[in-house]
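# Fold and geometry: a report
The chain contents come next:
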Amino acid sequence: MTRIRTDNLGEAKAFVLHRPHPSMQPLLRQLHVIGLDVHEAWPELPAEAVMADFVFYDADMAHEEQFPWKPGASPMPLIALIGSEAPGRLRWAMTMGAHAQLLKPVSDKGVYAALLVARSNFDRTNEAAAHITDLEARLSARQTIVQAVMIFVLRGKTQAEAYELLRQTAMAWRMTIEEAAQRLVANHSSEKVSDDSKRVDLP
């Protein structure tokens, strides 16, 4: 379960990707009051923005080329500044990976909440992605174990004997069953390729 971080935001670095405009002053002022190190950017984010803790971006005027990362792959929480509710612009804002939003004209209200919501959603997204990656790795490992067991089965072993032989092989090689299975499957594939290359098609 994701722990919601509500600790002090002081000294966090934030970039605001928005054309210079007086309407942004309440946001900039409130971010300074909260204690953030604020940097304005337009027409694009500088390379050092990848090290920022937060990025606010203009959902009405911004475009993908202004970001030094691919849509949906931001290394920090993103907060969309939304003025237009045109479906196309809202869809684009979501595609970029908005973790929270503020409606324009932005006031000094709701900025702190948006920061916390964005960080919480960002953490949840990363946790879910890590969980999916872990599940995929486990599934791949299980499939490799099955393949390794089948190698022994094809050599005349029962499934129980094959798994026990795989376990003993892993112990002898001082590695996990998954690692041993991966090596056995790789070796078996190499041997198969070698055998196939030696075959000569008769006329």
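Residues numbered from 1 in each chain as written. Predicted model: local features only at pLDDT ≥ 70, side-chain atom pairs only at ≥ 80, totals over all residues. Heavy atoms only, no water.

Counting across every chain of the model gives 1 cavity of 30 Å³ or more. Approximately 30 Å³ is the volume found for the largest cavity. In terms of lining, the largest cavity is formed by Val16, His18, Arg19, Pro20, Met24, Leu28 and Glu40. Here the lining of the largest cavity is built from residues that sort into 4 nonpolar, 1 polar and 2 charged. (1 Å grid on protein atoms, 1.4 Å probe; cavity = no way out; pocket = protein on both sides within 12 Å on 5 of 7 lines; lining within 4 Å. Points joined across faces, edges and corners; volume = space filled by probe spheres on them. Nonpolar A, V, L, I, M, F, W, Y, C, P; charged D, E, K, R; others polar.)

With 4 of its 5 residues buried, strand β1 (residues 13-17) lies for the most part within the structure. Here 5 bridges tie β1 to strand β2 (residues 37-41), and the two strands are oriented parallel to one another. Looking at β2, one finds that Val16 is bridged to Glu40. Handedness of the crossover is the feature at issue here: the chain leaves β1, passes through helix α1 (residues 25-34), returns alongside β2, and the resulting connection is right-handed. Sheet analysis places β1 next to strand β3 (residues 54-58), joined by 4 bridges and oriented parallel. Considered in β3, the bridge of Ala14 is made with Phe54. (Buried < 20%, exposed > 50% of the residue type's maximum accessible area, 1.4 Å probe, protein only. Helix = DSSP H or I, 4+ residues; strand = E, 2+ residues; numbered from the N terminus. Pairing = 2+ DSSP bridges. Right-handed = clockwise from strand over helix to strand, strands pointing away.)

Another point: α1. Every buried residue of α1 is accounted for by Pro26, Leu27, Leu28, Gln30, Leu31 and Ile34. The secondary structure elements touched by the buried residues of α1 are β1, β2, β3, β4 (78-82), β5 (100-103) and α3 (111-153). (Contact = heavy atoms within 4.5 Å.)

Right, let's talk about the pairing of β5 for a bit. With burial as the criterion, only one face of β5 is covered, namely that bearing Ala100 and Leu102; the residues Gln101 and Leu103 on the opposite face remain uncovered. Summarising the sheet, β4 and β5 pair through 4 bridges and their orientation is parallel. Residue pairing in the sheet places Leu81 in a bridge with Leu102 of β5. For the crossover that starts at β4, traverses helix α2 (residues 87-95) and ends in the parallel β5, the hand is right-handed.

Attention shifts here to the sheet that holds β2. Backbone hydrogen bonds are what pair the strands of a sheet, in a parallel or an antiparallel way. The strand order across the open sheet formed by 5 strands is β2-β1-β3-β4-β5, and the pairing between neighbours is parallel. Looking at the sheet topology across the chains shown, the edges are occupied by β2 and β5. Within the sheet, the average angular offset between the axes of one strand and its neighbour, ignoring direction, is 20 degrees. Two elements, β3 and β4, share 4 bridges in a ladder whose sense is parallel. Counterpart to Phe56 in the pairing with β4 is Ile79. Running over the sheet, α1 touches β1, β2, β3, β4 and β5 and is turned about 155 degrees from β2. Packing of α2 onto the sheet brings it into contact with β3 and β4, and relative to β3 it is tilted by some 165 degrees. (Axes fitted to C-alpha atoms, helices over the stretch in contact; angles between N-to-C directions.)

Let us look at the side chain of His18. Position of His18 among the secondary structure elements: in the loop between β1 and α1. When sequence neighbours within four positions are dropped, the list of residues in contact with His18 reads Met24, Ala41, Trp42, Asp58, Leu81 and Lys104.

For the rest of this paragraph, the subject is the nonpolar core. Counting 23 residues, the largest nonpolar core has Val16, Leu27, Leu31, Leu36, Phe56, Leu102 and Leu115 as its most contacted members. Elements that contribute at least two residues to this core include exactly β1, α1, β3, β4, β5 and α3. No other element matches α3, which puts 5 residues into this core. When sequence neighbours within four positions are dropped, the list of residues in contact with Val16 reads Met24, Leu27, Leu28, Leu31, Val38, His39, Glu40, Ala41, Phe56 and Leu81. Grouped together as the second largest cluster of nonpolar side chains are 19 residues, Ala41, Ala59, Leu78 and Met96 included. (Core = buried A, V, L, I, M, F, W, Y, C linked by side-chain atoms within 4.5 Å.)

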